[in-house]
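# Fold and geometry: a report
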Amino acid sequence: MESSGTVVVVGLGYVGCVSAACLAELGHRVIGVDRDQLKVDAVLAGRSPFYEPGLDELVSKNLSAGRLCATTCLPDGIQDAEIALICVGTPSERNGNLGLEQLRRVAGEIGEALARRERRLIVAVRSTVFPGTCEEVVAPLVGERATVVCNPEFLREGGAVRDFMEPSLVVVGGSEPEAVRRVAALYAPLGVEPSLVSLRTAELIKYACNAFHALKIAFANEIGALGAELGIDAAEVMATLCRDVRLNISPAYLKPGFAFGGSCLPKDLRALTYRATRLDLKLPLIESILPSNDEHLARAIRAALDLPAERIGVFGLAFKENTDDLRESPVVALLETMIGKGRNLRVFDPQIRMDRIYGSNRQFILNAIPHIGRLLDNRFEDTLAWAQHLVVAQKPSPAYAAQIAQSGLPVLDLTGSQI
Ligand SMILES: NC(=O)c1ccc[n+]([C@@H]2O[C@H](COP(=O)([O-])OP(=O)(O)OC[C@H]3O[C@@H](n4cnc5c(N)ncnc54)[C@H](O)[C@@H]3O)[C@@H](O)[C@H]2O)c1
């Protein structure tokens, strides 16, 4: 393990006390600081200040070994410290906003204490804070002798020691690579490849994780409620859903991109919500999925309408790549609004060329959306040569992505393909 100076953990609540005891267990010299004398006394007596399985033993063992101690005096604590982990509470205010009072006070106290020492300090914020807080709130208060890093905590109460010792994720965000590396090195003995990101990214990752966990629970509960109404064992439904680790429990569909569409998802969501309503069953989460998708499409339409160019080329017409199915394609809605607002468009889709498609899709274009059919190019070169700006509405293959990059056209990428 890389030898480091003392680590100070400010706040000996669930996150702070577990972090302090576990970091000491990993071999670091740790000083816990809390303004609550009872918490400090508990640690100094070799006990956890609250119930958390396995924590008493770790506190007692590391106190005896001289790797862990505690104080109520922050300036004493950080005197020789190399890293300070801030683990104070960030409770909800009445309006839902995050309460930063404890964080502000601790950051201010650190700033004052640093004015009396020469050595720099790395301040790692472990409390959950909204993106921008480290830069805008913590950094000005701790002052120029400190480097601020964000190191969100993912432990769950009741299994916090195990979550710390066997983390599924270690995230360290910051703009000074050496400080980020030093904080990541604290966790090196755990053998997890840390995710090193920017400050704001680290802050948002924590919120994304918690929102995703809450979303999963609410989704499972709504399927459970529907199953109960229909006399179906929803536990079996969800357990079977989880067996698909390619599409269901996997990174599939978890990239920010364009709105969904096609012949299945909108239709099946409509049927699900309609039938739930007939059962007098409220499923607010599932009912919100189509409105969420509509709002996402509306954002894309606004962005496309804001383009300054006279002539706009659009890549993609079907709801996703490698299909010529135009049913419920969000691109059709995008184009219809743009045409309605008088925009000058040409469209290219690798799978939808009037010189090649036959049958129902050709009929659909000719009968249902002839105004869009007239805009279709058979050759992408023609679209690129004509356009002044390109809207990418469907993930391009590597060959088309290269062609887009070579064209030098400005691109509005709705797909997250990062062309
Ligand atoms: N509890 C969890 O499961 C969990 C998990 C991950 C992240 N988080 C986040 O971690 C943060 C801490 O959560 P927690 O549950 O440990 O909070 P907590 O309320 O249990 O602990 C906060 C501690 O900070 C101390 N404190 C407050 N101001 C202080 C000051 N000026 N000086 C010294 N000590 C001070 C308090 O006395 C208290 O002991 C929050 O932002 C929370 O959202 C919590």
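These notes cover the structure that comes with them. Fair warning: this is a prediction, and the values are worked out from it, not measured in the lab.

This next bit is on the overall build of the chain. Of the regular secondary structure elements, the chain holds 18 helices and 12 strands. Since a compact globule built from 419 residues should have a radius of gyration of about 22 Å, the 28 Å found for the chain marks it as more spread out than a globular shape. With the C-alpha coordinates of the chain rotated into their principal frame, the extents come out at 80 × 55 × 40 Å. The 419 residues of the chain split such that 45% are buried. A total accessible area of about 21,700 Å² is found for the chain, and carbon and sulfur atoms account for 53% of it.

For any two helices packed against each other, one specifies the crossing angle of their axes together with the interaxial distance. With their axes 8 Å apart at the nearest point, helix α9 (residues 199–230) and helix α10 (residues 234–243) run at an angle of 135° to one another. Comparing their axes, α10 and α9 come out oblique. Our pair here, α9 against α10, has a crossing hand that is right-handed. Residues Phe219, Ala220, Ile223, Gly224 and Gly227 of α9 lie in contact with α10, whose contacting residues are Ala234, Val237, Met238 and Leu241.

The next thing to look at is helix α11 (residues 265–278). Counted at 1.5 Å a residue, the expected span for α11 with its 14 residues is 20 Å, and the 20 Å between its end C-alpha atoms agrees. Packing partners of the buried residues in α11 comprise α12 (284–287) and α13 (289–305).

Here we take up the packing of α13 against helix α14 (residues 330–340). Between α13 and α14, the shortest axis-to-axis distance is 10 Å and the interhelical angle comes to 40°. Viewed along their axes, α13 and α14 adopt a mutual orientation that is oblique. Handedness of the α13/α14 crossing: right-handed. Side by side, α13 and α14 meet where Leu297, Ala300, Ile301, Ala304 and Leu305 of the first sit next to Pro330, Ala333, Leu334, Thr337 and Met338 of the second. In terms of residue class, the contact of α13 with α14 is built from 9 nonpolar, 1 polar and no charged.

Across the 6 residues of strand β4 (residues 81–86), 6 count as buried, placing the element largely inside the fold. Pairing of strand β1 (residues 6–10) with β4, which is carried by 5 bridges, proceeds in the parallel orientation. Within β4, the residue paired with valine 9 across the bridge is leucine 85. Two strands pair when backbone bridges link them, and β4 and strand β5 (residues 121–125) are joined in this way by 4 bridges, in the parallel orientation.

Let's shift gears to the environment of asparagine 62. Position of asparagine 62 relative to the elements: it lies in helix α3 (residues 55–64). Separated by 113 residues in the primary sequence, asparagine 62 and serine 175 place their C-alpha atoms 33 Å from one another. Aside from chain neighbours lying at most four places away, what touches asparagine 62 is Ala21, Ala24, Glu25, Arg67 and Leu68. Engagement of the side chain of asparagine 62 in a polar contact is seen with the side chain of arginine 67, the distance being 2.7 Å.

Moving on, we get to the environment of glutamine 388. If you trace the backbone, glutamine 388 turns up in the loop between α17 (380–386) and β11 (389–392). In this structure, the C-alpha to C-alpha distance between glutamine 388 and glutamate 135, residues 253 residues apart in sequence, is 38 Å. In contact with glutamine 388, not counting residues within four places along its chain, are Ala309, Glu310, Arg311, Leu409 and Pro410. In this structure the side chain of glutamine 388 is engaged in a polar contact, spanning 2.8 Å, whose partner is the backbone nitrogen of glutamate 310.

With that settled, consider unusual backbone geometry. Its identity is not glycine, yet tyrosine 253 carries a phi of approximately 70°, on the positive side. Relative to the assigned elements, tyrosine 253 resides in the loop between α10 and α11. Residue glutamate 328 is not a glycine yet carries a positive backbone phi of 50°. Here glutamate 328 is to be found in the loop between β9 (311–315) and α14. According to the relative accessible area criterion, glutamate 328 is partly exposed, its value standing at 38%.

Parameters and conventions
- Residues numbered from 1 in each chain as written.
- Predicted model: local features only at pLDDT ≥ 70, side-chain atom pairs only at ≥ 80, totals over all residues.
- Heavy atoms only, no water.
- Helix = DSSP H or I, 4+ residues; strand = E, 2+ residues; numbered from the N terminus.
- Rg over C-alpha atoms; globule rule 2.2 N^0.38 Å.
- Buried < 20%, exposed > 50% of the residue type's maximum accessible area, 1.4 Å probe, protein only.
- Areas by Shrake-Rupley, 256 points an atom, 1.4 Å probe, with all protein chains shown as cover.
- Axes fitted to C-alpha atoms, helices over the stretch in contact; angles between N-to-C directions.
- Parallel < 35°, antiparallel > 145°, perpendicular 65-115°, else oblique.
- Left-handed = near helix turned anticlockwise from the far one by under 90°.
- Contact = heavy atoms within 4.5 Å.
- Expected span 1.5 Å × (residues − 1).
- Nonpolar A, V, L, I, M, F, W, Y, C, P; charged D, E, K, R; others polar.
- Pairing = 2+ DSSP bridges.
- Polar contact = N/O pair within 3.5 Å; in protein donor to acceptor, adjacent residues only side chain to side chain.

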